[in-house]
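Structure at a glance
Chain by chain, the residues run as shown.
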Amino acid sequence: MTIDEPGTKHKIFLDILSIVGCLMSAITLAVTILTYCLYPSLLKDTPSQILMHICAALMMVNILFIVNAFLVYTRYWIYVLCKCVAMSLHYFMLSALIWMSCDAYCLYRGMVKVVINVERNYLFLFSLVSWGVPFLIVSVTALHFSIESYDLIYDDICWIKTPIAYYSFILPAFLLMIFNYVIFAIVIRYLIRASSAELLPFGRKAIKRQLKGGMSLACLLGLAWAFGFLSIVSSQIIFSYLFVIFNTIQGFFIFIFFCLLKPNVKYFWTKLIWSHSTSVIATPSNMKTHTYESAPTSNINTRERDGPEL
């Protein structure tokens, strides 16, 4: 899954690292989706529902990387399947980035605009844009620049081959990354100012939980793509390694922050594993869900952002 040709030794190691990472990421993303589906109370708020869409898109990206490796090494139906894999990668990568932007927007509204939950019509709009716009982009790329725009490149990955058509991914991905990091910077600035001005009377633990949510958001907002851009424009092998590592373990980070470190999720799996009855698993009365804390200037009943107390 490398971007350039770093040499035979590095190429083999990067391919192995990528396949193992993608497999681990796909499994942890599937477990995350399964957990939220089996525990419906976690899906009552909009950010959690957005998280499921992000997990689905990223899981497909990781599965397609594994399929790509199979095609490259076996040359099995390389001409037909390679183009399908390339188009699908193009689609799901853009979709994941757009869903991450929707998550950033919800974080902004929750922490800065004091809006705890986004209306249902917003979620419908998010779905329409996040799944529909990538389809339009891929369709235009295939029809306008021809299907030959998708092919095997560097003898290593099925991806966009035509330089002009490549901008159909680079340009929207770059704009989405800029938007995400601007929103992230605004939220961090707000947290710092609110903390220094003692506008957050929730205590130090609440602030730490918010910062932990911001750290997990930084992973979700596509740090891997920054290294992906650098690996394209630079000949430094370190950027290829960083791109492969961060790109393939995003799913593992999501599982850590939104499953493993959430007390109510650990409670659910403990009950599920150790319970021998067939009755419905009881939920704790003090459940916390995947939403964003807001500024205390409102009387709205707030709910916590992800992660356990530190």
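The text that follows walks through the structure, step by step, so that each part is easy to find. In this text, all values refer to a predicted model and were calculated from it rather than measured experimentally.

Calculation rules
Sequence positions are assigned chain by chain, starting from 1 and proceeding in written order. In keeping with the predicted nature of the model, local features appear solely for residues at pLDDT of at least 70, side-chain atom pairs appear and are counted solely at 80 or more, and the whole-chain, interface and lining totals rest on all residues. Calculated side-chain values reflect all of the structure's heavy atoms, with hydrogen atoms and water omitted. Here, the term disulfide refers to a pair of cysteine sulfur atoms separated by no more than 2.5 Å. The helix count covers DSSP runs of H or I at least four residues long, the strand count covers runs of E at least two residues long, and both are numbered beginning at the N terminus. Accessible area is worked out with a 1.4 Å probe on protein chains only. A residue is then buried under 20% of its type maximum, exposed over 50%, and partly exposed in between. Any two strands with at least two DSSP bridges between them are considered paired. Between the first and last residue of a helix there are one fewer steps than residues, each counted as 1.5 Å, and that sum is the expected span. What the arc describes is the spread of directions from the helix axis to the C-beta atoms. Contacts were defined at the residue level, with two residues in contact if any of their heavy atoms lie within 4.5 Å. Aromatic contacts are taken between Phe, Tyr and Trp rings whose centres are within 6.5 Å, Trp giving its six-membered ring; a plane angle under 30 degrees counts as stacked, one over 60 as edge-to-face, and the others as tilted.

A few words now on the state of the cysteines. Using the criterion set out here, one finds one disulfide in the structure. Cys82 shares a disulfide with Cys158; S-S distance 2.0 Å. The chirality of the disulfide connecting Cys82 with Cys158 is left-handed, given an S-S dihedral of about -120°. Highlighted residues: Cys82 in helix 3 (residues 78-111) and Cys158 in strand 2 (residues 157-160), separated in sequence by 76 residues. There is no split in this pair, since Cys82 and Cys158 are both buried. Not part of a disulfide, Cys55 finds its nearest cysteine sulfur in Cys259, a span of 7.6 Å. Looking at the unpaired Cys84, the closest cysteine sulfur is the one in Cys82, lying at 9.2 Å.

Here four bridges tie strand 1 (residues 150-153) to strand 2, and the two strands are oriented antiparallel to one another. If you follow Leu152 over to strand 2, its bridge partner there is Cys158. Joining the antiparallel neighbours strand 1 and strand 2 is a turn of three residues, in which Tyr154 adopts a positive phi near 55°.

We now examine helix 10 (residues 263-274). Over its twelve residues, helix 10 extends 16 Å from the first C-alpha to the last, a length consistent with the 16 Å expected when each residue adds 1.5 Å. Along helix 10, the residues classified as buried are Asn264, Val265 and Phe268. In a view along the axis of helix 10, the buried residues occupy a sector of 105°, so they form one face of it. Along helix 10, the residues that are exposed and aim more than 90 degrees away from the buried face are Ile273 and Trp274. Packed against the buried residues of helix 10 are helix 1 (8-38) and helix 9 (250-260).

The final tally for this structure, using the stated rule, is nine aromatic pairs. Note on Tyr91 and Trp131: the rings are 6.3 Å apart at their centroids and 25° apart in plane angle, and the pair reads as stacked. Taken as a pair, Tyr91 in helix 3 and Trp131 in helix 4 (residues 120-144) lie far apart in primary sequence, 40 residues in all. Both rings, one in Trp159 and one in Phe169, keep their centres 5.1 Å apart while their planes meet at 80°; by these two values the pair is edge-to-face. Taken together, the residues Trp159 in strand 2 and Phe169 in helix 5 (residues 163-196) connect sequence positions ten residues apart. Pair check on accessibility: Trp159 and Phe169 agree, each one buried. One aromatic cluster is present, formed by Tyr91, Phe92, Trp99 and Trp131 through successive ring pairs.

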